[in-house]
Amino acid sequence: MLAFLVSAIRLGMVFLFGSTGEILTEKSGHLNLGTPGIMCVGASCGCFAEYLYLKSVGPYASPVLAILVAVVSAFIGAALMGLLFSFLTVTLRANQNVTGLALTTLGIGISDYMIAKAGTSFGRASKFFSASLPFADDLGWFGELFLSHGVMIYLAIAVAIVCSFVLSKTRVGLNLRSVGENPATADAAGINVSRYRYVATCVGAGISGLGGLTFIMDYLNGNWEYCIDAFGWLSIALVIFTVWKPNLAIFGSIVFGALYIASSYIVGVSFAGKELFKLLPYVVTIIVLIFTSMRSRKKNQPPESLGLSYFREER
Amino acid sequence: MANAAIELKNITKTFGSVVANRDVSFTVNRGEILSILGENGSGKTTLMNMISGIYFPDSGQIFIDGKEVVIRSPKDAFDHKIGMIHQHFKLVDVFSATENIILGLKGKDKFNIKESAKKVSEISHKYGFDIDPNKMIHEMSVSEKQTVEIIKVLYRGADILILDEPTAVLTPQETQKLFAILRRMRDDGKSIIIITHKLHEVLSLSDRVSVLRKGEYVGTVNTAETNEGELTEMMVGKKISLNIHRSEPKGCEDRLLIENINCVSREGTKLLNSVSFTAKSGEILGIAGIAGSGQRELLEAIAGLQHIDSGKIIYNDPKTGEEENLRDKTPLQIRELGVRLSFVPEDRLGMGLVGNMGITDNMMLRSYRKGKTVFLERKGPHDLAEKIISELEVVTPGTETPVRRLSGGNVQKVLVGREIAAAPTVLMAAYPVRGLDINSSYTIYNLLNEQKERGVAVIFVGEDLDVLLELCDRILVIGSGCVTGLVDARTTTKEEIGLLMTKGKGEEA
C-alpha cells in the first residue's frame, strides 16, 4: 500500500508539472494542446543537455550542477515551444487548436530525434534526481511517504503553490486572469494582452516541460522506455479535473497518478483490464465536467475567452 | 481657449476604404458636459475610441491642457486622465467590483483588495453611487455594472470622462440618477463627454452639443440656444417629420391568444408570470418594459425557442379557421403546421443571421428545405437578396459580402427583409430599430405598417416610448415577467406607461 502511494505521488508530480503549466497558459486564454509535445521536448532537452554535461565533465559531476543543467535546459526547450505557439497564435493569429496539435506532433518528432542522438539510458543522471534526504528512511512510513522523494517532486509542489498564490493574490495574477477571461476588457484597462499571453504561455510551457523531465529522471529512473505524450493529454485532462486551480491540482495529480497505476497493484488483472484501468483518469475528468456543467457555477468554469484569439481593431 | 481640457484638430480615421472620421475638430472645457450627437455610423464611437487609445488616428492632433499629446494605447489615455465608459461594458464577469476597478493598475502601494474596496466605497459616497464593492459582476444588474465602469475611471483619477450611450440600457429613473451624478461631477470640475442620439437627454443634460454627420464635424452649439428641430437638422442634414404614419386597424381578428403562460429559469426565478394577452391581425401590438423584464422570453416562447412551464399559446389559422396550440412545438413544427411566425431576435448577429455568410446564404437559412434536389438552389434566395438590397436600400458591396461586415442598420434591414419575405401572419420584432439611425428606423416602421395593412398581426417590442406611442395600436406593458397593463396607444401618456413599467418590481405578484 505504501509503495503504491509513493508511486502515485511520483507519477502524480509529472501530471502536476504538466497541468500547472497548462493552467497558467489557459488562464491567459490560450488553449495549448501542444502540451504533450512540449513535455516530450522538455524531457529530451533536459536529457540531451545532461548527456552533454556528463560527457564533458567525465566522472567528476557536481550533483547540484547536474540537476540545474537538466532543469534549466528542459525549461528553456519547452518554453521555446511555448514561444512558437504564442508567435503563431498571437502574432500570426493562427487557430489555437490546430497550432497546439501541430506542436504535439512536432514535439514528439523533436524528442525522438534527440533521444536517437543521446541514447535512451540516463541512469547516472537519474541518481542525482532521486537523491533524497538522508534521514528519510529513519522516519518509518512518514518518511517514506513525504520525505523519500527526489528534488523534482518538491519542486513540482512548490511551483504549484507559487502559481496558485500568484494567480489569486497578486496584481500580476489578477491581470493575467482578466486577459484570459475578457481580453478586450484587459486591453481597455491598459494591460498588454499580447505580452501577458506570450509570457504566460512560455513560462507555462516551461513548467510543463519539467514534467517530462521528471517522468524520465524520477519515475522511470533514467530509462527512456516509451514516448510520454500520453501524460501530456492526462495533464490537460487534469486541468479540467481541478477546475483551473493549481492548488487543487496537487491533490488531483496524486489521484490521477493513483488511478493510472492502480492496475499494477491489483493482483489478477488481465492485460486488457489494465488498459481499461488506465482509462479511469479520463472517465473521472468527464464526470467532473458533467458536474461542473450541471451546477453551472461561474466560479468553476474555464476562462471565458479560452481558445479565442484577440485582435484589438476587429469590428 | 483658456480652460480647454481637451482639443481635437483635424482628426481623420479610416477602416480600409471606409472613412469613419474626417477632419473632426472640437474642444471640451473643464467643468462642462458636452454631448456628441450623431446618427448611427456617424463616427461618434470611433472618435471617442481614438481619444481613449483603442484606435489610433490616421492624421490630426490631440491637445490636452494646451499641450499636444500622442495617445497610442488605453494606458496613455489614463496617463492623461482620460477615462471611457464603453457602450458594451468592459468588465470581467467572474471578478468582483473592486477587482474590476483596480484591474490593470500599476500601483507602487501593496496589492491589497480590502484597502481598494475601501477607496471604492469612498468614491461611491462622494458622488452618490450605490454599490457593494465585493459583489461579483455576473450577479449585477446593468445599472450596477455601469456604476462599476464609472467608478473604475474615477478611481484612476480621470478628469475627462467619456460615456458612450450610457442611457441605452437604463430605466428612466436610473437615467435621472445617472444624470444627477454626472452633474455633480461637472460641478467638481470634471469634463464629461456623452455620446447619445436621444435628443431630450442632450437638451436636459449637456452644456454644449457637437454634431457629427457621416464622420464629419457639423458644428457645436450651446444647448441653451438650440432646440430639437435644429439639432435634428444638423444631424441628418434635412428635416425629418417626426410623425410616424399610423393607419386605423382594419378587419381585426384574434390571431394569437396567449393564456397564462409561465416560464421558470434554470436558476428557479420566474421569467414569465401568468402572462395573457391577445394579438390581433391588422394591428401593431407594442410591448413596453424595462430591458430584461421578460420580453425576450415571451417572444421566444411564442416562436418555440423557450420552454414554457404552463399555459397555452393558441394560434387561429386564417386559412382553415382551426385553432393550434403552439406550446412545446419546435420552430420547425410550428412552420410545418402552416403557422408562420417571423421572428427578429434582439441579438441580430447571434440568433438571426450567420455573420460569416453572405446575404444570399442567409436567405437560404430559411428556405433551404424548399429545394427539390440534394443540391442547393441558389437562384431564388439570390433574387430575394437582390430584392431586399434594392427595396430596403441596404448598403453592401454585393450579395456575397459577409453580413458581419455590414453596419448595424444594414444587418437589421437584411434580417427584417428576410422575415417579411416569408409572408408571415404573425410578425414579431424585438428592438428592430435598436442602434439604427433615424432614416433606417423609419424604413423599418414603414415595413411594419405595411405588414399591418396586409392583415399581419405585428408584435413590436420597443424601448423608445415615443415610438411605441406613435407606431402601435395597443401597448402591452410588462414588468418583471408580469403583465402590468394594456393600454390604447392613441389615448395613453408616456407617464402612464412609465409608471406601469416600474410597477411589477417590488410588488408581490
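Conventions adopted
- Residues numbered from 1 in each chain as written.
- Chains lettered and ligands numbered in written order.
- Predicted model: local features only at pLDDT ≥ 70, side-chain atom pairs only at ≥ 80, totals over all residues.
- Heavy atoms only, no water.
- Helix = DSSP H or I, 4+ residues; strand = E, 2+ residues; numbered from the N terminus.
- Rg over C-alpha atoms; globule rule 2.2 N^0.38 Å.
- Buried < 20%, exposed > 50% of the residue type's maximum accessible area, 1.4 Å probe, protein only.
- Contact = heavy atoms within 4.5 Å.
- Areas by Shrake-Rupley, 256 points an atom, 1.4 Å probe, with all protein chains shown as cover.
- Expected span 1.5 Å × (residues − 1).
- Arc of directions from axis to C-beta.
- Axes fitted to C-alpha atoms, helices over the stretch in contact; angles between N-to-C directions.
- Parallel < 35°, antiparallel > 145°, perpendicular 65-115°, else oblique.
- Left-handed = near helix turned anticlockwise from the far one by under 90°.
- Nonpolar A, V, L, I, M, F, W, Y, C, P; charged D, E, K, R; others polar.
- Pairing = 2+ DSSP bridges.
- Buried area = accessible area lost by both parts, 1.4 Å probe.
- Salt bridge = Lys/Arg side-chain N within 4 Å of Asp/Glu carboxyl O.
- Polar contact = N/O pair within 3.5 Å; in protein donor to acceptor, adjacent residues only side chain to side chain.
- Core = buried A, V, L, I, M, F, W, Y, C linked by side-chain atoms within 4.5 Å.
- pLDDT = per-residue confidence, 0-100.
- Phe/Tyr/Trp six-rings, centres within 6.5 Å; stacked < 30°, edge-to-face > 60°.

Draft legend 1. Quick look at the overall build of chain A. In terms of regular secondary structure, chain A is built from 14 helices and zero strands. Secondary structure elements in chain A, listed N-terminal to C-terminal, are α-α-α-α-α-α-α-α-α-α-α-α-α-α. A globule of 315 residues ought to have a C-alpha radius of gyration of about 20 Å, and chain A, at 19 Å, matches this closely. Taken along the three principal axes of its C-alpha coordinates, chain A extends 60 × 45 × 40 Å. Here chain A holds 315 residues, and the buried ones make up 53% of them.

Draft legend 2. Focus on the overall build of chain B. Within chain B, the secondary structure is distributed over 17 helices and 20 strands. Of the contacts made within chain B by residues no fewer than 6 positions apart, 66% connect residues no fewer than 24 positions apart. Put simply, chain B shows about 22,600 Å² of open surface, and 49% of that area lies on carbon and sulfur atoms.

Draft legend 3. Region of the structure containing helix α13 (residues 379-391) of chain B. Residue and element names in this part refer to chain B. Between its terminal C-alpha atoms α13 stretches 18 Å, which fits the 18 Å expected from 13 residues at 1.5 Å a residue. Considered for burial, the residues of α13 that qualify are Pro381, Ala385, Ile388 and Ile389. In an axial view of α13, the angular spread of the buried residues amounts to 100°, which keeps them on one side of the axis. Exposed and oriented more than 90 degrees from the buried face of α13 are Lys379, Ser390 and Glu391. Where α13 ends, the next residue or the one after it, glutamate 393, has phi of about 55°, a positive value.

Draft legend 4. Structural context of the packing of helix α2 (residues 35-57) of chain A against helix α4 (residues 96-118) of chain A. Residues and elements named next belong to chain A. Between α2 and α4, the shortest axis-to-axis distance is 7 Å and the interhelical angle comes to 20°. Put simply, α2 runs roughly parallel to α4. Of the two elements, α2 crosses α4, and the hand of that crossing is left-handed. Across from Thr35, Pro36, Gly37, Cys40, Val41, Ser44, Cys45, Cys47, Phe48 and Tyr51 in α2, the residues of α4 making contact are Leu103, Thr104, Gly107, Ile108, Ile110, Ser111, Met114, Ile115, Lys117 and Ala118. For the contact of α2 with α4, the class distribution of residues is 13 nonpolar, six polar and one charged.

Draft legend 5. Focus on the environment of B:Leu384. All names here are of chain B. Among the secondary structure elements, leucine 384 is positioned in helix α13. The class for leucine 384 is partly exposed, based on a relative accessible area of 23%. Placed 15 residues apart in sequence, leucine 384 and threonine 399 show a C-alpha to C-alpha distance of 9.9 Å. Ignoring sequence-local partners within four residues, the contact set of leucine 384 consists of Met363 and Ala421.

Draft legend 6. Region of interest: the sheet that holds strand β14 (residues 310-316) of chain B. All names here are of chain B. Taken together, four strands build an open sheet; the order of strands is β12-β11-β14-β15 and the sheet is antiparallel. Strands at the two margins of the open sheet, each flanked by one partner only, are β12 (270-280) and β15 (323-325). Direction aside, the axes of adjacent strands within the sheet are offset by 20° on average. The pairing of strand β11 (residues 254-264) with β12 spans seven bridges and is antiparallel. Across the sheet, the residue bridging to cysteine 263 is leucine 272, located in β12.

Draft legend 7. Highlighting the side chain of B:Ser281. Its place among the elements puts B:Ser281 in the loop between β12 and β13 (284-288). Among all residues touching B:Ser281, those that are not within four sequence positions of it are B:Lys250, B:Gly251, B:Cys252, B:Glu253, B:Arg255, B:Gly455, B:Val456 and B:Ala457.

Draft legend 8. Just the interface of chain A and chain B, in detail. Tallying the contact residues gives 24 residues for chain A and 31 residues for chain B. Each partner contributes to the roughly 2,400 Å² buried at the junction of chain A and chain B, and carbon and sulfur atoms together form 58% of this total. For the pair chain A and chain B, the number of links is one salt bridge. In this structure, A:Arg177 engages B:Glu99 in a salt bridge whose closest nitrogen and oxygen atoms are separated by 3.8 Å. Summed over the shared surface of chain A and chain B, the result is two residue pairs in polar contact (both at pLDDT 80 or more).

Draft legend 9. Local environment of the pattern of salt bridges. All names here are of chain B. According to the stated counting rule, one finds 19 salt bridges over all chains in the structure shown. Across the pair lysine 126 and aspartate 188 runs a salt bridge whose closest N-O atoms are separated by 3.5 Å. Separated by 62 residues along the polypeptide, lysine 126 in helix α4 (residues 113-127) and aspartate 188 in the loop between α6 (172-187) and β8 (191-196) bring together distant segments of the chain. Where salt bridges share partners, they join Glu248, Lys452, Asp473 and Arg490 into one cluster.

Draft legend 10. Broad picture of the nonpolar core. Formed by 109 residues in total, the largest nonpolar core has its most connected members in A:Phe122, A:Ile216, A:Phe231, B:Ile150, B:Leu161, B:Leu182 and B:Met185. In this view, B:Met185 contacts B:Tyr127, B:Phe129, B:Ile150, B:Leu154, B:Leu161, B:Lys190 and B:Ile192; residues no more than four positions away in its chain are not counted. Counting residues in each nonpolar core, the second largest holds 41 residues, with B:Ile359, B:Val416, B:Val433 and B:Tyr442 among its members.

Draft legend 11. Geometry of the confidence of the model for chain B. Residues and elements named next belong to chain B. Taken as a whole, chain B shows an average pLDDT of 80; of its residues, 86% reach a score of 70 or greater. Scored below 50 in pLDDT, residues 505-509 shows four contacts in the model against residues more than four places distant or in partner chains. Our summary of model confidence lists the complex with pTM equal to 0.70 and ipTM equal to 0.81.

Draft legend 12. Region of interest: the packing of aromatic side chains. Within the structure shown, the criterion is met by 12 aromatic pairs over all chains. An angle of 40° between the planes, with centres 6.0 Å apart, marks the rings of A:Phe48 and A:Tyr51 as tilted. Here the residue A:Phe48 and the residue A:Tyr51 both occupy positions in helix α2, the gap between them amounting to three residues, near one helical turn. A:Phe48 gets classed as partly exposed once you look at its relative accessible area, which sits at 23%. Seen from their ring centres, B:Tyr442 and B:Tyr445 are 5.6 Å apart, and the 80° between their planes marks the pair as edge-to-face. Of this pair, B:Tyr442 and B:Tyr445 both sit in helix α15 (residues 438-453), three residues apart, which is roughly one turn of that helix.

Draft legend 13. Spotlight on the side chain of B:Ser143. The residue B:Ser143 is located in helix α5 (residues 142-155) in this model. Leave out the neighbours within four places in its chain, and B:Ser143 touches B:Leu170 and B:Glu174.

Draft legend 14. Structural context of the pairing of strand β17 (residues 426-430) of chain B. Residue and element names in this part refer to chain B. β17 sits mainly inside the fold: five of its five residues count as buried. Here β17 shows two buried faces, one formed by Val426, Met428 and Ala430 and the other by Leu427 and Ala429. In terms of strand pairing, β17 meets strand β18 (residues 457-461) through five bridges, oriented parallel. Following the sheet pairing, alanine 429 is matched in β18 by phenylalanine 460.

Draft legend 15. Quick look at the pairing of β11(B). Bridge count between β11(B) and β14(B): five bridges; the pairing is antiparallel. Its bridge partner lying in β14(B), B:Leu257 is registered against B:Ile314.

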